[in-house]
Amino acid sequence: MKTITPHQSNQPKVGFVSLGCPKAGSDAERILTQLRAEGYEISASYEDSDLVVVNTCGFIDSAVQESLDAIGEAINKNGKVIVTGCLGAKKGVVEAAHPSVLAVTGPHALEEVMTHVHANLPKLHEPFIDLVPPQGIRLTPSHYAYLKISEGCNHRCSFCIIPSMRGDLVSRPIGEVMNEAENLVNAGVSEILVISQDTSAYGVDVKYRPGFWNGELGVWTRLHYVYPYPHVDEVIPLMADGLILPYLDVPFQHASPRILKAMKRPAHAENNLARIKAWREICPDITVRSTFIAGFPGETEDDFKMLLDFLEEAQLDRVGCFTYSAVDGAKANELPDHVPQEVKEERLARFMEVQERISAAKLQDKIGTMQTVLVDEIVRDTEGNFEAIGRTKADAPEIDGVVYMEDAEGLTPGDFVEVEIYSADGHDLWGGPPRD
C-alpha cells in the first residue's frame, strides 16, 4: 500500500493504494495532492482510514487480477472503497467482482474521484490546514519524480487497449509542464523522468503551440516511452551536449516487418538498426532501452529468428521481454495462428539468453571507468560500514540496474558522486572511490 505518513488530527482520513505504471502513479499523485489541499489526511493503514481509494491497472490479465485482489483486500479490511484508474474504465468488471464498491471511475479522473470522496466522506471546515507544497504530494522518493507531459494516445496498436481507457492524446501546455518541473527541482529533486503514453508525440494535438517559461533546471532529465519517429533524431544532439540524459526508452516490440505491421505499430517501416547506429555516432554514450513481445499471434520461427538477429546487431543496453498476453478487448485477439503457450515461453527463454549475454558484456566494459552516480539509498553492511545504492545515467529507477558503492559515509539520497566501477555481473555494478 503506497501511502503518505499521516499527521495527527481530527480531519477525515483517506487510505490510498496505487498500482500500475508510472503514468498511473502520476494520476495518484494528483489525487493525493488534491486530497491534502482540501484538508484530508492520508492514512497509512486500512484500519485507520475512513475510506480507501484504489488506483488500478488493467493492461494485461495479471494486472487486472492484481487490481481486483487489491480492491477485495481494501473492502475486507475497510469496507468503504472508491475505485479509479485503468481497470475502472471497465466498470462492469469491477462491479461484477466487487458490487459493494462505493464508486468506479476511469483513469485521469481527478474531479470524479474528488466528487465521490466528497459524497462519501465530507471534509471538515478547517481554515487553518497546512498548505500543500508547490511540488504536490508524491509517491516516489524525494530525490526523483515522474513528470507526465500528456495523457492518452492516438495510436491503435492491436495488442493494446490503453486508448480505450485513457483516450486520445492530450498534451499539457508547455508552460504548465515546465513550471511543475521547476517546482520539483526547487523541492530538491535531482532527477526528472518524463513520461506519457507516447512522449515523442507531445504537442502534435495542439500543433506544437509554443508556451512561455524562463529558466534552467540543472538536473537529470530522462525520457521514457519514445516511439522511433524520425524527429526523435533531433533530440540526440541535446543528449550529446549534456542537456538531456543520453538515455532513450524506445518500445520497439519486434523486428519482423510482418509482425510489426500486424501489431499496427507506429513507425513500423523505419530502419531502426540504421537509426540506432546514427544515434550512437552522434552520442556515443547513449543508452538505448527497449521492450519486446515474444509469441505474438502469427509469429513464425523465422519471425522470431529475425528478432534474435536484431538483438545481436542492435546490441541494446537494457531490454525487457514479455510473452504475448490476450488482453480482453485487444484487436490482436482476433488474429489467426495464435502461438501455443509453451512455444511462447521457450522463445522468451531464448530471447533472454541472448540479451543477458549482450547486457553482461556491456557492463563488463564499464569496469575501470568513472561513472557519475545518483545516490538512491544509504545502508550499512554487517560490520556497520556505510554503503550506498545508486544509479548511473544508463539506469532508470526500478527497471534497470543499480550501482553498489563502498565507503559511502557522508552521502545522502539525491547526491551525485563520481564512482570508479570495480566489478559487474549481468545486471548491476559495484564500485567506490577511485583507486590509486
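Given the structure is predicted, the values throughout are model-derived calculations rather than measurements.

(A) Local environment of the overall build of the chain. Each helix and strand counted, the chain has eleven helices and 18 strands in total. Taking 2.2 N^0.38 as the reference for a compact globule, 436 residues should give roughly 22 Å; the C-alpha atoms of the chain span a radius of gyration of 23 Å, in line with that estimate. Dimensions of the chain along its principal axes, counting C-alpha atoms only, are 60 × 60 × 50 Å. Buried positions account for 51% of the 436 residues belonging to the chain. A fraction of 74% describes how many contacts in the chain between residues 6 or more apart in sequence connect residues 24 or more apart. Of the roughly 20,100 Å² of accessible surface on the chain, 52% is carried by carbon and sulfur atoms. One way to put it: in the chain the 39 positive side-chain charges average out to a point 6 Å from where the 66 negative ones average out.

(B) Summary view of the sheet that holds strand β16 (residues 403–405). Spatially, the five strands close up into a barrel ordered β14-β15-β16-β18-β17, and their pairing is mixed. Recorded for the sheet is a direction-independent mean angle of 50 degrees between the axes of neighbouring strands. Here five bridges tie strand β14 (residues 370–380) to strand β17 (residues 416–424), and the two strands are oriented antiparallel to one another. Looking at the pairing, V373 lines up with V417 of β17.

(C) Local environment of the pairing of strand β9 (residues 191–195). Burial analysis of β9 places five of its five residues in the buried class, the great majority of the element. Direction of pairing for β9 relative to strand β10 (residues 220–223): parallel, over a ladder of four bridges. Residue I192 lies in a different strand from β10, and its bridge partner there is T221.

(D) Structural detail: the packing of helix α9 (residues 272–282) against helix α10 (residues 301–314). Running from N to C, α9 and α10 cross one another at 15 degrees; their axes reach a closest spacing of 10 Å. When the axis of α9 is compared with that of α10, the two are roughly parallel. Note that α9 runs across α10; the crossing there is right-handed. Contact with α9, carried on its side by N272, L273, I276 and R280, involves F310, E313 and A314 of α10 and no other residues of that element. Among the residues forming the contact of α9 with α10, the class breakdown is four nonpolar, one polar and two charged.

(E) Region of the structure containing the pattern of salt bridges. Inspection of the entire model under this criterion finds 22 salt bridges. For R172, the salt bridge goes to E180, with nearest N and O atoms at 2.7 Å. Salt-bridge contacts for R350 lead to E301; the nearest nitrogen and oxygen are separated by 2.6 Å. In this pair, R350 sits in helix α11 (residues 341–364) while E301 sits in helix α10, placing the two residues 49 residues apart along the sequence. Under the relative-accessibility criterion, R350 is labelled partly exposed at 22%. On the basis of relative accessible area, E301 is assigned to the partly exposed category, the value being 28%.

(F) Fine view of helix α4 (residues 110–120). Within α4, the full set of buried residues consists of L110, V113, M114 and V117. The arc that holds every buried residue of α4, seen down its axis, measures 95 degrees, which confines them to one face. In α4, the exposed positions angled more than 90 degrees off the buried face are occupied by E111 and A119. Those residues of α4 that are buried lie in contact with α1 (22–37), β3 (51–56) and β4 (81–85).

(G) Local environment of the confidence of the model for the chain. Per-residue pLDDT for the chain averages 88, and the proportion of residues at 70 or more is 92%. Here residues 1–8 is modelled with pLDDT under 50, and outside its nearest four sequence neighbours on either side it reaches 24 contacts, counting other chains as well.

(H) A look at the nonpolar core. L248, W279, F292, L316 and F351 are the most contacted members of the largest nonpolar core, which has 44 residues in total. Of all the elements, α10 adds the most residues to this core, at six residues. In this structure F351 touches F292, F304, L307, L308, L311, V319 and C321, once residues within four positions along its chain are discounted.

(I) Layout of the packing of α1 against α4. Across the interface, α1 lies against α4 with an axial gap of 10 Å and an inter-helix angle of 45 degrees. Taken together, the axis directions place α1 and α4 in an arrangement best described as oblique. Relative to α4, the crossing made by α1 is right-handed. Where α1 approaches α4, its residues R30, I31, Q34 and L35 are matched on the opposing element by L110, V113, M114 and V117. Here the residues of the contact of α1 with α4 sort into six nonpolar, one polar and one charged.

Scoring rules and cut-offs
Each residue is numbered by its place in its chain's sequence as written, counting from 1. The predicted nature of this model means local features are confined to residues of pLDDT at least 70 and side-chain atom pairs, given and counted, to a pLDDT of 80 or more, with totals for whole chains, interfaces and linings taken over all residues. Based on all heavy atoms of the structure, the side-chain values leave hydrogens and waters out of the count. Only runs of H or I of at least four residues qualify as helices and only runs of E of at least two qualify as strands under DSSP, and these elements are numbered from the N terminus. It is over C-alpha atoms that the radius of gyration is taken, and the globule rule equals 2.2 Å times the number of residues to the power 0.38. Throughout, exposure labels follow a simple rule: accessible area from a 1.4 Å probe, protein chains only, divided by the maximum for the residue type, with under 20% read as buried, over 50% as exposed, and the rest as partly exposed. The contact definition used throughout considers only heavy atoms, calling two residues in contact when any of these lie within 4.5 Å. Residue-level accessible areas treat just the shown protein chains as cover; the underlying method is Shrake-Rupley with a 1.4 Å probe. Neither His nor the chain ends contribute to the count of charged residues, in which Lys and Arg are positive and Asp and Glu negative. Here the site of a charge means NZ on Lys, CZ on Arg, CG on Asp, or CD on Glu. Here the rule is simple: two strands pair whenever DSSP picks up at least two bridges between them. Every axis corresponds to a line fitted to the C-alpha atoms, with the helix fit spanning only the stretch in contact, and the corresponding angles, defined between N-to-C directions, vary from 0 to 180 degrees. Orientation labels follow simple angle bins: below 35 degrees gives roughly parallel, above 145 gives roughly antiparallel, 65 to 115 gives roughly perpendicular, and whatever is left gives oblique. The hand of a helix crossing depends on one turn: near helix anticlockwise from the far one by less than a right angle means left-handed, and clockwise means right-handed. Gly counts as polar in this scheme, as do all residues outside two lists: the nonpolar Ala, Val, Leu, Ile, Met, Phe, Trp, Tyr, Cys and Pro, and the charged Asp, Glu, Lys and Arg. Whenever a carboxyl oxygen of Asp or Glu lies within 4 Å of a side-chain nitrogen of Lys or Arg, that contact is scored as a salt bridge. Starting at the helix axis, one direction is taken to each C-beta atom, and the arc is that of these directions. Known as pLDDT, the predictor's confidence for each residue is given on a scale from 0 to 100. For the purposes of this section, nonpolar cores are sets of buried Ala, Val, Leu, Ile, Met, Phe, Trp, Tyr and Cys residues that join through side-chain atoms within 4.5 Å.

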